[in-house]
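# Remarks on the overall topology
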Amino acid sequence: MTFRLLPSAFLVAFCTTTSVAFADSAPLTQPETAIETQTQAPEIDYLVKNAPSVALHGTPKYTEGFTHFDYTNPNAPKGGEVKLASFGSFDSLNPFILKGSSPSLSLIYQSLMHQGADEPFTMYGEIAQSITIPKDRSWVEFTLNPNAKWQDGVALTAEDVVFTFDILRAKGHPFYKSYYADVTSVTALDTHHVRFDFSVKHNHELPLIMAQLTILPKHYWEQHDFSKTTLEPPIGSGAYKIETVDPGRSISFKHVENWWAKDLPLNVGMYNFDKITFDYFRDAQVMLEAFKAGKYDFREESIAKNWATAYDIPAVKEGRIHKAEIPNANPQGMQAFVFNLRRPLFQDIHVRHALALMMDFEWMNKNLFYGQYKRTESYFSNSDLAATGAPSERELAYLTPFKEKLDPSVFEELKPLPKTSGTGQIRRQLREATALLKQAGWGQKDGVLTNAETGAPFTFEILLVQPSFERVTQAFIRNLERLGITVSLRIIDSAQYINRVADYDYDMIVGSFGQSVSPGNEQRDYWGSLAADRPGGRNLAGIKDPVIDTLITHIIHANSREDLVAATRALDRVLRSGWYMIPQWHVGTFRIAWWDKFGRPDKAPKYSIGFLTSWWVDPDKNTQLKR
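In this report, the structure presented in the accompanying data block is examined.

### Considerations on unusual backbone geometry
The phi dihedral of Asn-50 is positive, around 50°, even though this residue is not glycine. In this fold, Asn-50 is placed in strand β2 (residues 46-51). The backbone phi angle of Asp-446 is positive, close to 55°, even though this residue is not glycine. Mapped onto the elements of the fold, Asp-446 is located in the loop between β18 (442-445) and β19 (448-451).

Laid out in structure tokens, this is it:
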């Protein structure tokens, strides 16, 4: 999914002369003296008109008049406090700019529409009570809910939407300028109607992307410098407001009394906690021990060793702490060691392929992960978007025009990543890697991998932020050393890491590229050429390939789910053939643990845990719980 914005020079403030002010307005009455030859504006053919919801493909699951989402309990009790933990630190409460490190403030803000958690990509009205899209998708209009207001009581209007778009594009993170590049103007048609016009047609995702726009209060930010970091709590329109801030240590959110949107069907049974506090930890092991000691209430476990061994404690055996693995339908995307192609060392595909052979996943899974993980093969793993076997006819339709530019393997049966015995013996991989490196001009000299032309040794640095990744990375490094490669490992704090990654100041890092079930414009930010040199971007590898750019465009303009899947699989094949990353592993479940003080809906959302949105504090359990 994707976002895009424009500088203020391109923004249209008010549309007072247009013959069609907004989708459902009546035509202007012409005076009797009007020239008889004056033509009327052409009739608009609508995809949806003043609709309370819209789906990317197909129709929304919940029809007009629904009372609540299936994954909520409309009778959930309100109240109670929950304590959570976050890794790292923060020095700003402005998450919309490149400077500083900010906690998530999603609890205080709202977007124009709300994405359902049990559908691939469907938006339901919230700040905007309805949406209008023409069939050619050349623009989108939103009708704002007249009851919407900011947490200080000021009415939320179309002017706030225009201001948000303008300020993000002009002063926000560089990501926004790219994300909203296809938006030519945003117009406040009147107090409660706003329209976005696009430079392209038939981009199926773009109208829904604009529905995801987080809206900011104009009257607040006009009194503050948006380009600077701040620790002054901003105001939003969401269910929670910031109550207390201890910079770098903790932040607390308080439920807004008489929140304007509490009775909307999509919010019934949602946001049940009265207070939510996040404490920050700089050490992952200390954070785990704090949970077991009862210092916070809920934890999603990301480390296999912890899941297998760290919860063998009385509180779990006695049922005071619960553990669960909840299957999910989320594509797992790609987690990988990421080559920085901006470094000359990694610009040869033979080098990248050779190093990829040195990661012995089977040994890691057996000795480090307790057999819990699956090897990631695809950039869209755990989904029907992942390419398998030989290309289908639909995939070939996207790939064949570039046959002369693509590796022949793209058109063949996909080969799985090489597997080992799990014993640590990787002689075959060593032979293949040595041959590939020789093709790239590298050979061993006195046990050191050396460039035959320059005599320079093969050496690079792996940059990490989480110490828990050290043992995994060291196993990889030991195998690289068998090739004569010297690798240094550096672990730095989160603030330094964020800055270095934003400047692309690394040789190799561990990167994670999450995917939705409806990929689209965000693929430009992950792999697109224009994103490769943008500071703070998400094209961590620095990929620049016109073929990939074109395939991304096909994904964005897919006319059906079938076309979307085929174009995504075609992209997957091309990305995999480039060896831009060394795929790691994934698990298709949420691994969660929580103290026995909560209730949760009978049905979990398909694509999320739903803890902060749909769980609640059970008063009886909370009273009886002993820590």
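### A few points about helix α13 (residues 494-502)
Of all the positions in α13, only Ser-494, Tyr-497, Arg-500, Val-501 and Ala-502 are classed as buried. Among the structural elements, β20 (459-464), β21 (486-491) and β22 (508-513) are those in contact with the buried residues of α13. Measuring from the backbone nitrogen of Ala-495 back to the side-chain oxygen at the start of α13 gives 3.2 Å, which picks out Asp-493 as the cap. Immediately downstream of α13, the backbone of Tyr-504 shows phi near 55°, a positive value.

### Details of the side chain of Ser-494
Looking at the element boundaries, Ser-494 is found in helix α13. The residues touching Ser-494, leaving out its near neighbours within four places in the chain, are Gly-88, Ser-89 and Val-465.

### Observations concerning the sheet that holds strand β4 (residues 81-87)
Strands sit in the order β4-β13-β12-β11 across an open sheet of four strands; the sheet is mixed. Two strands in the sheet have a free side with no partner beyond their single neighbour: β4 and β11 (240-246). The sheet shows a mean angle of 20° between the axes of neighbouring strands, taken without regard to direction. Pairing of β4 with strand β13 (residues 275-281) involves seven bridges; the strand directions are parallel. Bridged to Ser-86 within β13 is Tyr-280. Strand contacts of helix α5 (residues 284-292): β4 and β13, with the helix running at about 165° to β4, the strand carrying the most contacts.

### Looking at the packing of helix α8 (residues 349-356) against helix α11 (residues 427-439)
The description of two helices packed together rests on the angle between their axes and the distance between the axes. Two elements in contact, α8 and α11, have axes whose closest approach is 8 Å; the angle formed by their N-to-C orientations is 165°. Classified by the angle between their axes, α8 and α11 sit roughly antiparallel to one another. For α8 against α11, the interelement crossing comes out left-handed. On α11, the residues touching His-350, Val-351, His-353, Ala-354 and Leu-355 of α8 are Ala-433, Leu-436, Leu-437 and Gln-439. Looking at the contact of α8 with α11 residue by residue, the classes come out as six nonpolar, three polar and no charged.

### Quick notes on the pairing of strand β7 (residues 128-134)
For a regular strand, side chains alternate in direction, first toward one face of the sheet and then toward the other. The buried count for β7 comes to six of seven residues, which makes it a mostly enclosed element. Here three bridges tie β2 to β7, and the two strands are oriented antiparallel to one another. Following the sheet pairing, Val-48 is matched in β7 by Ile-133. Across four bridges, β7 lies against strand β8 (residues 139-144) in antiparallel orientation. Each residue of the ladder has a partner; that of Ser-130, found in β8, is Thr-143.

Cut-offs applied
Residues numbered from 1 in each chain as written. Predicted model: local features only at pLDDT ≥ 70, side-chain atom pairs only at ≥ 80, totals over all residues. Heavy atoms only, no water. Helix = DSSP H or I, 4+ residues; strand = E, 2+ residues; numbered from the N terminus. Buried < 20%, exposed > 50% of the residue type's maximum accessible area, 1.4 Å probe, protein only. Contact = heavy atoms within 4.5 Å. Polar contact = N/O pair within 3.5 Å; in protein donor to acceptor, adjacent residues only side chain to side chain. Pairing = 2+ DSSP bridges. Axes fitted to C-alpha atoms, helices over the stretch in contact; angles between N-to-C directions. Parallel < 35°, antiparallel > 145°, perpendicular 65-115°, else oblique. Left-handed = near helix turned anticlockwise from the far one by under 90°. Nonpolar A, V, L, I, M, F, W, Y, C, P; charged D, E, K, R; others polar.

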